[in-house]
Every structure is written in C-alpha cells, then in structure tokens.
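Read off the chains here:
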Amino acid sequence: MQVLAKSTAILQLARAKCGSLCSKHSYCFQVRHLSGSKGWRMRLIQFLTVGDQNGVRVGVEKDGGNVVDLNLFDSSLPRTMKEFLEKGETAMETARRALDCGKHALHHSEITLLPPVTNPDKVVCVGLNYMDHCQEQNVAIPKEPVIFSKFGSSIVGPYSDIIHPAESNEVDWEVELAFVIGKKGKHIKKEAAMDYVAGFTVAHDVSARDWQMKRNGKQWLLGKTFDTFCPLGPAIVTRDALSDPHNLGIRCRVNQEVMQDSNTNQLIFKTEALVAWVSQSLDGILFGCHDQESLYNWEQGPPVPFVSLHCQ
C-alpha cells in the first residue's frame, strides 16, 4: 500500500458577535446560546500532547487557536470524547466553565489532533442524500434513506494520511456533514431527535469504487471501510452553536481545485429524519454521515491523483 494523500477535513467556525457564527470563508450562520451558558459556542476536540503520545485527552478550543485541556482543568473528567459525551450536561457545563476560565491552555503546536470521536459503537451513513447531486447524476430521488455503514477502524484524524490500498484502482473522495449522538435512544420521534445530537463535524467518506460497485456482490461495506477511509474532524461543533445545521456550505478541494460544492440545504433526509429512521432499528447512533455520493465515472479514466485534499 502507499500513502494516497494527507486528509484535511475542516469546519472553521469562529466565535463571533452575539447572533452570528462565521467561518474564515464567506458564509455566516445564526447562533443560539447554549442553555445555561454565557453564550459559549464550543468546539470540542480529542488530542495528544507532544510529550505524551499515549494519553488521549479532551479539550475545547479558544479564540486565537489555543486549546483548553479539560483533563487538566478537572481531572475527574473522562479522557475520551465518547466517555465525555456519556456524562451529558454535567461534562458540557464543566467545559463551559473551563472555556470561561481560560487556564490550562495549550497552543496547537503542542498537540496532535485526533478524530473528535474514536471507537464509536456505530458509524451510520446515508447515501444519495443531496438533491442537487441526484439531479446532476440523473438518479431518482430516494423515497427512503439509503443506509450503509463504515467500521470504526476506518476513522482517522483530520490531518492523518489516507492509505491507498493496493487492492483498489478506483479510490474516490466525498465531503460529508457528520453528526455525533450524545445519548442512546430507541424509536426516537423526529420532533425530539435533536435532543440526542451532541454536535456536528466534517467527515471525508473515502471509497474504493471498484469494491463498492463491481466486487463483493456490489455490497457497499468493503468498498467504504478500508483502513483510513474515514478522516474525521477536527472538532465537534456543539449543536446549540448552530441555529440551522441544514444551511451550511460544504465543499471538497482536490489539489486546490473545487471538486464538490454544495449546501446542506440540499439534504433530502435531514438529521432529525435520519435519527428517527435509524433508531427504529438500532439502539442509538454514535456517529452519522450525510452522504453526497459523488459516483465518479471511472470509465472516463481516473480522477486527478490526490496530492492534497481539503474538505470543509
């Protein structure tokens, strides 16, 4: 196998004046304050410190790019995001206090970013879920969500290498909006679905199209879940930081060229509908992806080789 590319999946949300949330790019979103907080709009991360590459830690980003080490602020907090989210509002309130305090801050040069969630119980994805992409591909609009999954072992950090498997000649890219579930539930009503969502992040759904479409009985799983095929992060943007997660610009650049450019207002099945749909069968989702499913036409030849990838 060989290194395919360095993955860069970024959702750059910066704290702005009350009532808006802006990226370093051109789009802005309205913001609701977190309940019981002073208006912090949190970006939660998992990381390693440069001097301790074995000790996973949980942090929250500050203005200016620094990261507050939540485990230094409160040693009783869990040291993984999965366990942190399981603590619910108690852990979130501690993170808000730590962000307000501002102590125990580390510069990004002192840390290595990990995926914001590792070892999830489930990675649930939905294919063909963007209206504009279905129309461009002349594909019928699905009447029900097209659900597939990836293994948790495919998840890597936002700046980790994607490994090109020697077994595939058709490795492809897709930028995704991902949501992270903060608590378990079954038969969740659509109206209550957002109560179960801890926040949103960016995912890169890498696919081996030959394995997805031609081999393995055309069953998608193996083509979607090679090791390193799910770069994730860098941060979980807490749910209440966004008034409407279904009105976000989403794009993918390959070698600096924009290859995908859409908006989450094109989603056919939005987050609430997917949580309600999947919870009929499963007892809780830890991580879910809205899938653009680019379906590059490989009969025209391979796309440009990956030198750099940037999903936002």
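Before reading on, note that the structure itself is shown above.
Residues numbered from 1 in each chain as written. Predicted model: local features only at pLDDT ≥ 70, side-chain atom pairs only at ≥ 80, totals over all residues. Heavy atoms only, no water.

### Examining the overall build of the chain
Of regular secondary structure, the chain possesses seven helices and 23 strands. Classification of the 312 residues of the chain by burial places 55% in the buried group. Counting contacts in the chain only where the partners sit at least 6 residues apart, residues at least 24 apart contribute 74% of the total. Carbon together with sulfur atoms contributes 50% to the accessible area of the chain, which is approximately 13700 Å² in total. (Helix = DSSP H or I, 4+ residues; strand = E, 2+ residues; numbered from the N terminus. Buried < 20%, exposed > 50% of the residue type's maximum accessible area, 1.4 Å probe, protein only. Contact = heavy atoms within 4.5 Å. Areas by Shrake-Rupley, 256 points an atom, 1.4 Å probe, with all protein chains shown as cover.)

### As for the side chain of Thr-201
Structurally, the position occupied by Thr-201 is in strand β16 (residues 197–204). On the basis of relative accessible area, Thr-201 is assigned to the buried category, the value being 1%. A polar contact is formed between the side chain of Thr-201 and the backbone oxygen of Ala-235, at a distance of 2.7 Å. Ignoring any residue separated from it by four or fewer positions in sequence, one finds Thr-201 in contact with Pro-116, Glu-176, Leu-177, Ala-178, Leu-232, Gly-233, Ala-235 and Ile-236. (Polar contact = N/O pair within 3.5 Å; in protein donor to acceptor, adjacent residues only side chain to side chain.)

### Observations concerning the packing of aromatic side chains
Under the counting rule described, the total for this entry stands at three aromatic pairs. Their ring planes at 45° and their centres at 5.3 Å tell us that Phe-226 and Phe-229 sit as a pair that is tilted. With relative accessibility at 18%, the residue Phe-226 sits in the buried group. A residue is classified by how much of its surface remains accessible, and Phe-229, at 0% relative accessible area, is buried. Cluster of aromatic residues (ring-pair linked, three or more members): Trp-211, Phe-226 and Phe-229. (Phe/Tyr/Trp six-rings, centres within 6.5 Å; stacked < 30°, edge-to-face > 60°.)

### Comments concerning unusual backbone geometry
Look at the link from Gly-233 to Pro-234: it is a cis peptide, with omega at 20°. Along the chain, Pro-234 falls in the loop between β18 (230–231) and β19 (236–238). You will see that Asn-138, though not glycine, has its phi angle at about 55°, which is positive. Along the chain, Asn-138 turns up in the loop between α4 (131–136) and β11 (146–149). Judged by relative accessible area, which is 73%, Asn-138 ranks as exposed. Despite not being glycine, Gln-256 has its phi angle at roughly 75°, a positive value.

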